[in-house]
Amino acid sequence: MKNTIILCIAILFATSCTQTEQRLARSSNEIDVIKSLINDFQKGDWESWTTHYASDAMIYHNNWQTGALVDDTKNTLKDMLNGATSYKFNEPLIFENARDDLGKITGVHFWAALSIIKGQETFEMPMHLSFHMDEGKISGEYGFYNLSNLEKDY
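Residues numbered from 1 in each chain as written. Predicted model: local features only at pLDDT ≥ 70, side-chain atom pairs only at ≥ 80, totals over all residues. Heavy atoms only, no water.

Caption draft 1: Summary view of the pairing of strand β5 (residues 121–134). Note: strand β4 (residues 105–118) against β5, eleven bridges, orientation antiparallel. Residue leucine 114 lies in a different strand from β5, and its bridge partner there is methionine 125. Between the end of β4 and the start of β5, which pair antiparallel, lie two residues, with glycine 119 showing a positive phi angle near 65°. Of the pairings in the sheet, the one linking β5 to strand β6 (residues 137–145) comprises eight bridges and is antiparallel in character. (Pairing = 2+ DSSP bridges. Helix = DSSP H or I, 4+ residues; strand = E, 2+ residues; numbered from the N terminus.)

Structural data, given as structure tokens:
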């Protein structure tokens, strides 16, 4: 009886320690696309920035209901950065993708703080962006950040 209990505990322990498939990762082809997008944004290369999106991609910034097309979002971002002497994402830049139960990548997540310098003022905005990918292109994007400090002064 004692041996049976020890055997059962050993089997339970061995099966509970099996490694499961990784659900989160810090590197993938999809993350590389987002890294290129972020680099293009920081360089102000809007033509290249646009190429990372599917033609029918919808972008939702600071809301869940009303999406914008890529060109509309590009113009909004350019307006937001108008008058900035510089802007960049501060380290650390955190990229992560998540997989569903079937192993398919469901999205790429990005976190960082964006610093914008306008005149003598520096504004820092923590940001979270979540990207949905389809065949190597961004098909949807959700972004959340606080513009209140930037908007009240400019």
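Caption draft 2: Looking closely at unusual backbone geometry. With an omega of 0°, the peptide bond between glutamate 91 and proline 92 qualifies as cis. The residue proline 92 is located in strand β3 (residues 86–99) in this model. Despite not being glycine, glutamate 135 shows a phi value in the positive range, around 55°. With respect to the secondary-structure elements, glutamate 135 resides in the loop between β5 and β6.

Caption draft 3: View of the layout of surface pockets. Here the largest pocket defines a volume of roughly 180 Å³. Secondary structure elements with two or more residues in the lining of the largest pocket: β2 (53–61) and α4 (70–81). Among the elements that make up the lining of the largest pocket, the one with the highest residue count is α4 (five residues). In terms of residue class, the lining of the largest pocket is made up of six nonpolar, six polar and one charged. (1 Å grid on protein atoms, 1.4 Å probe; cavity = no way out; pocket = protein on both sides within 12 Å on 5 of 7 lines; lining within 4 Å. Points joined across faces, edges and corners; volume = space filled by probe spheres on them. Nonpolar A, V, L, I, M, F, W, Y, C, P; charged D, E, K, R; others polar.)

Caption draft 4: Region of the structure containing the pattern of salt bridges. Within this structure, the stated rule accounts for two salt bridges. Between lysine 43 and aspartate 40 there is a salt bridge, and its shortest N-O distance comes to 3.8 Å. Here the residue lysine 43 and the residue aspartate 40 both occupy positions in helix α2 (residues 29–43), the gap between them amounting to three residues, near one helical turn. Judged by its relative accessible area of 61%, lysine 43 falls in the exposed class. Exposure remark for aspartate 40: the relative accessible area of 6% places this residue in the buried category. The residue lysine 74 makes a salt bridge to aspartate 71 at a minimum N-O spacing of 3.6 Å. Residue lysine 74 and its partner aspartate 71 are located together in helix α4, separated by three residues, close to a single helical turn. The buried category is assigned to lysine 74, whose relative accessible area is 18%. Judged by its relative accessible area of 43%, aspartate 71 is partly exposed. (Salt bridge = Lys/Arg side-chain N within 4 Å of Asp/Glu carboxyl O. Buried < 20%, exposed > 50% of the residue type's maximum accessible area, 1.4 Å probe, protein only.)

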